[in-house]
Amino acid sequence: MLPLGTVVAIGADGRERRFAADQVERDTRRAAAGLARAGVGAGDRVIVRLPKRYEWLLALGALYRLGAVGALCPELTPDAEVEGRRRQLGARHALLEPG
């Protein structure tokens, strides 16, 4: 049985990672601070094309904390389509997996 407040992330390789709620909170605050330094603020639309893993959860939590809106794109969305969505939504920022 998991302790209350535990987040479990299972990677593509099947490995399980566990995070305590207070760690998730700290990491989300840190991610929000970084996004704020990059110019993301309340009401901003931000394209999010990241693999579904712990960092994805942090990104969405950070955007929520800032009052920004995450526009989710499936992980395999081609760059040209992501750019089209960005223009259509008027998003000034995008969170993408480095490639």
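All values reported here derive from a predicted model rather than from experimental measurement.

Considerations on the nonpolar core
And step 1. Of all hydrophobic cores here, the largest spans 11 residues; its members are Ala32, Leu35, Val40, Val46, Val48, Leu50, Ala59, Ala62, Leu63, Ala68 and Leu95.
And step 2. If you list the elements that add at least two residues to this core, you get helix 1 (21–37), strand 3 (45–49) and helix 2 (54–66).
And step 3. It is helix 2 that contributes the most residues to this core, 3 residues altogether.
And step 4. Beyond its immediate chain neighbours, meaning those up to four positions away, Leu95 contacts Leu35, Val46, Ile47, Val48, Arg49, Leu50, Ala59 and Leu63.

Some remarks on the environment of Thr77
And step 1. Considering the arrangement of structural elements, one finds Thr77 in the loop between strand 4 (69–72) and helix 3 (79–89).
And step 2. With 28 residues separating them along the chain, Thr77 and Arg49 place their C-alpha atoms 7.7 Å apart.
And step 3. In this view, Thr77 contacts Arg49 and Val82; residues no more than four positions away in its chain are not counted.
And step 4. A distance of 2.7 Å separates the side chain of Thr77 from the backbone oxygen of Pro74, its partner in a polar contact.

A short note on the packing of helix 1 against helix 2
And step 1. Two numbers describe how helix 1 lies on helix 2: the axes approach to 8 Å, and their chain directions differ by 65°. Remark: the crossing between helix 1 and helix 2 carries right-handed chirality. Here helix 1 contributes Gln23, Val24, Glu25, Asp27, Thr28, Arg29, Ala31, Ala32, Leu35 and Ala36 to the contact with helix 2, which in turn contributes Tyr54, Leu58, Gly61, Ala62, Leu63, Arg65 and Leu66.
And step 2. Of the residues contributing to the contact of helix 1 with helix 2, the split by class is 10 nonpolar, 3 polar and 4 charged.

Parameters and conventions
- Residues numbered from 1 in each chain as written.
- Predicted model: local features only at pLDDT ≥ 70, side-chain atom pairs only at ≥ 80, totals over all residues.
- Heavy atoms only, no water.
- Core = buried A, V, L, I, M, F, W, Y, C linked by side-chain atoms within 4.5 Å.
- Buried < 20%, exposed > 50% of the residue type's maximum accessible area, 1.4 Å probe, protein only.
- Helix = DSSP H or I, 4+ residues; strand = E, 2+ residues; numbered from the N terminus.
- Contact = heavy atoms within 4.5 Å.
- Polar contact = N/O pair within 3.5 Å; in protein donor to acceptor, adjacent residues only side chain to side chain.
- Axes fitted to C-alpha atoms, helices over the stretch in contact; angles between N-to-C directions.
- Left-handed = near helix turned anticlockwise from the far one by under 90°.
- Nonpolar A, V, L, I, M, F, W, Y, C, P; charged D, E, K, R; others polar.

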